[in-house]
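Overview (structure and organization)
Take a look at the letters that make up each chain.
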Amino acid sequence: MVDAFSRQGSELYAEDVALSAIATQVGTPCYVYSRAIIESNWREYDLGFGGHPHAICYAVKANSNLEVLRLLADLGSWFDIVSGGELERVLLAGGSAGRVVFSGVAKTAEEMERAIGVGIHCFDVESVAELERLSRVAARLGKVAPVALRINPDIDAGTHPYIATGLKETKFGIAIDDAITTYRMAADTANIQITGIAAHIGSQITESGPFIDALVRMLELIGELENEGITIRHLDIGGGLGIRYRDESPPAAREFIETLVDRVRDHRADLTLYIEPGRSVVGNAGVLLTGVEYLKSNGDTHFAVVDAGLNDILRPALYNAWQNIVPLQDNPELRSCIYDVVGPVCETGDRLGSQRELAIEAGDVLAIMDAGAYGHVMSSNYNSRPRPPEVLVDGGKFHIVRRRETISDMTAAESAPPQD
Ligand SMILES: *Cc1c(COP(=O)(O)O)cnc(C)c1O
C-alpha cells in the first residue's frame, strides 16, 4: 500500500507536494486527494481476487468528484450508484453504463427509465413494490431489466447505528426470511431478469467476521435458490472494509478478499463476486485543510476556531466521529495546549475535534485527516457558506478538480415570484 500522507522535515506532504503550498495557492478550507493512494487502495482489492471472476463496484456516494470517478474508470472500476445523479456523474466521467449497479430503497420511475435506457448492468432491488414498479417501467420501454435482490441478512455489524444497514429493523433490503418467496415472484415477473443477489450490512466495519457471516448466509441462500431452479450468476457482498481513523485495525483489503474468495470457491467456483467499497478506496486518500482563525478560552476550555465547519465536513457532528487533526507545519517553538477545534457554524455541535493537544497559533493551517470519504459529498451551504474546493495531487503536481463555490453559485437557483 502506498504510504498515505507523510511528513518530510517539519512539513506534511501529499505525495511530492507540500500541503502548505496548496493552502497558500487555493486557500482554506480545501479538500486535497492523492491519486496514488486512491489507485493503490483500489488495486489492493483487485489483487485479492486473483483469477476469480469479480467486479469492484466503487461506491460513488463516498466521493463523487468527476476526476476521482475518471481515474477509477481508467483502472477498470465498476460503480455502485444510489441515485440518478450519481449515474450521470459516472457517465460524465467516462464510466460505462454496463458497469453500473444501482442500489437504493427509493428509486423513482424516472431514475429507472434512464438507467434502463443507458443499459446499466443491474438493479439491486430492495422491495416487492420496487420490483413491480421496475417491471412496469421496463415493459413500457419494451426492455428487460436485470435484477439482483438486495437481501437483508440480519447481521449486527457492530458499527455506528446510523451506518449499520444489515439488521432486520433497518429500512434496507428484503428480509432474509422472505428471500425465497420474493425470488419466486421475481422469476414470474414480466420484463425482469434475475442475474444475482446482493447484500450490504453497513459501513466502517473493521473486522472480517460480519462479512463472512453475511457471505455464508448468502451462499446458503444461493444453494436453496438453485434447488428452486433459480440461477444466481453473481453475489454482491456490498460495501468494503472500514478504515483506521484512530486505533481501529481493519484487515488488509487483499487478504480480506482472499478469505472471501476461498469461501466462494469452496461453494461454487463460477460464482462471480462483487464488492462495493467506497470509504476504503478514498477515505485515507483525502484531507481537509483548514486555517486557524482565532485561539480563545472560555473559562478552562481552550478553543481553536477554524475556517471549516460542519457544513464542510459533517462526520464529526453527525456520527460523533473522530478524525485526526494535525498542523501542516511542526512548530517546536510553540507551547502545546488542549483545544476543542470548532468551526464557524452557529451550532454547538460544530466541533471537528475535542480535547486535542496541538502546538498552534492563529494563521496556522491544520489537516483533518482521512477526509476523502463522506467528506465533500456531505457538504452543504448551511450558514450560506460556499462549499470548499477539491484538489487532486498527482506526484509533484496538483490540480483544482472543483473550484471553490461563489456567492452567485449559491443563489443561482433562487428566483422571485412575478410582479403584477
Ligand atoms: C454506502 C454503500 C456502500 C459503500 O460502503 P463503504 O463502507 O463506503 O465501503 C456500498 N454499497 C451500498 C449499497 C451502500 O449503500
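Residues numbered from 1 in each chain as written. Predicted model: local features only at pLDDT ≥ 70, side-chain atom pairs only at ≥ 80, totals over all residues. Heavy atoms only, no water.

Structural notes on the overall build of the chain
Test applied: Note on conventions: DSSP H or I runs of at least 4 residues are helices, E runs of at least 2 residues are strands, and numbering of each starts at the N terminus. Each radius of gyration reported is based on C-alpha atoms, and the globular scaling rule is 2.2 Å times the count of residues to the power 0.38. A simple rule labels every residue: compare its accessible area, found with a 1.4 Å probe on the protein chains alone, to the largest value its type can have, and call it buried under 20%, exposed over 50%, or partly exposed in between. Contacts are assigned to residue pairs with any non-hydrogen atoms lying within 4.5 Å of each other. Working definition of accessibility: Shrake-Rupley area with a 1.4 Å probe, residue cover restricted to the visible protein chains.
Counting secondary structure elements, the chain contains 12 helices and 21 strands. Here the C-alpha radius of gyration of the chain, 23 Å, is about what a compact globule of 420 residues would show, namely 22 Å. Referenced to the eigenvectors of the C-alpha coordinate spread, the extents of the chain come out at roughly 75 × 70 × 40 Å. Here the chain holds 420 residues, and the buried ones make up 54% of them. Here the contacts in the chain between residues at least 6 apart in sequence split such that 70% fall between residues at least 24 apart. Element-wise, carbon and sulfur atoms account for 47% of the exposed surface of the chain, whose accessible area totals about 18,000 Å².

Digging into the packing of aromatic side chains
Filter applied, for reference: Here is the rule: rings of Phe, Tyr and Trp (six-membered ring for Trp) pair when centre to centre is within 6.5 Å. Planes less than 30 degrees apart are stacked, more than 60 are edge-to-face, and the remainder are tilted. Placement of a charge over a ring requires the Lys NZ or Arg CZ to be within 6 Å of the ring centre, with the centre-to-atom vector within 35 degrees of the ring normal.
Applying the stated rule across the entire model yields five aromatic pairs. Between Tyr58 and Phe79, the ring centres sit 6.5 Å apart and the planes meet at 85°, which makes this aromatic pair edge-to-face. Of this pair, Tyr58 sits in strand β5 (residues 54-59) while Phe79 sits in strand β6 (residues 78-81), and the two are 21 residues apart along the sequence. Comparing Tyr58 with Phe79 shows no difference in burial state: the two are buried. Taken together, a centroid distance of 4.9 Å and an interplanar angle of 70° make the contact between Phe211 and Phe256 edge-to-face. Of this pair, Phe211 sits in helix α8 (residues 209-227) while Phe256 sits in helix α9 (residues 253-267); the two residues are 45 residues apart in sequence, bridging distant segments of the chain. For the pair Phe211 and Phe256, a shared accessibility class is recorded, and that class is buried. A cation sits over an aromatic face here: Lys107 above Phe102, 5.6 Å from the ring centre.

Some words on the site of the ligand
Heads up, the rule is: Residues are labelled near a given molecule or strand when at least one of their non-hydrogen atoms is within 4 Å of it. By the criterion applied in these results, polar contacts are pairs of N or O atoms within 3.5 Å in which, for protein atoms, one can donate a hydrogen and the other can accept it, and in which residues neighboring in sequence qualify only through two side-chain atoms. We place a 1 Å grid over just the protein atoms. Points where a 1.4 Å probe fits but has no way out form a cavity, open points with protein on both sides within 12 Å along at least 5 of 7 lines form a pocket, and any residue with an atom within 4 Å of a point lines it. Cavities and pockets are treated as containing a molecule whenever more than half of the molecule's atoms lie within 2 Å of their grid points. Amino acids are sorted into nonpolar (Ala, Val, Leu, Ile, Met, Phe, Trp, Tyr, Cys and Pro), charged (Asp, Glu, Lys and Arg) and polar (every other residue, Gly among them).
Residues in close proximity to the ligand total 14 residues, the closest being Lys61, Ser203, Glu276, Arg279 and Tyr374. Within the backbone of Arg279, a nitrogen or oxygen atom sits 2.8 Å from an oxygen atom of the ligand. Here an oxygen atom of the ligand sits 2.6 Å away from a polar atom, N or O, in the side chain of Tyr374. Relative to its unbound accessible surface of 390 Å², the ligand loses 95% to contact with the protein. The cavity where the ligand resides is the largest pocket. Residue classes in the shell around the ligand are distributed as three nonpolar, six polar and five charged.

Digging into the side chain of Asn311
Here Asn311 lies in the loop between β15 (301-306) and α11 (315-319). With relative accessibility at 0%, the residue Asn311 sits in the buried group.

Some thoughts on the sheet that holds strand β2 (residues 11-14)
What counts here: Any two strands between which DSSP finds at least two bridges are classified as paired.
Spatial strand order, β1-β2-β3: three strands in an open sheet with antiparallel pairing. Edge positions in the sheet fall to β1 (6-8) and β3 (17-18), since each of these pairs with one other strand and no more. Bridge count for β2 against β3 is two bridges, and the pairing is antiparallel. When the sheet's bridge partners are listed, Ala14 is paired in β3 with Val17.

With respect to the domain arrangement of the chain
The condition that has to hold: Domain segmentation is taken from an automatic or database assignment of domains. When two parts are put together, the accessible area they lose, computed with a 1.4 Å probe and summed over both, is reported as buried area. Think of a salt bridge as a Lys or Arg side-chain nitrogen and an Asp or Glu carboxyl oxygen that are within 4 Å of each other.
If you check the domain split of the chain, you get domain 1 (5-33 + 283-411) and domain 2 (35-280). A separation of 32 Å is found between the C-alpha centroids of domain 1 and domain 2. Taking both partners together, domain 1 and domain 2 bury about 2,100 Å²; carbon and sulfur atoms supply 57% of that area. Counting the surface domain 1 buries against domain 2, the share from its top three residues, Tyr319, Trp322 and Tyr374, is 30%. Taken together, domain 1 and domain 2 are joined by one salt bridge. Of the charged contacts, one joins Asp394 and Arg35 as a salt bridge, the two residues approaching to 3.5 Å between their closest N and O atoms. The tally of links between domain 1 and domain 2 comes to 11 residue pairs in polar contact (both at pLDDT 80 or more). Mapped by element, the contributors of at least two residues to the side of domain 1 that touches domain 2 are α11, β20 (390-394) and β21 (397-402). It is β20 that contributes the most residues to the side of domain 1 that touches domain 2, four residues altogether. In the side of domain 1 that touches domain 2, the residues fall into 12 nonpolar, six polar and six charged.

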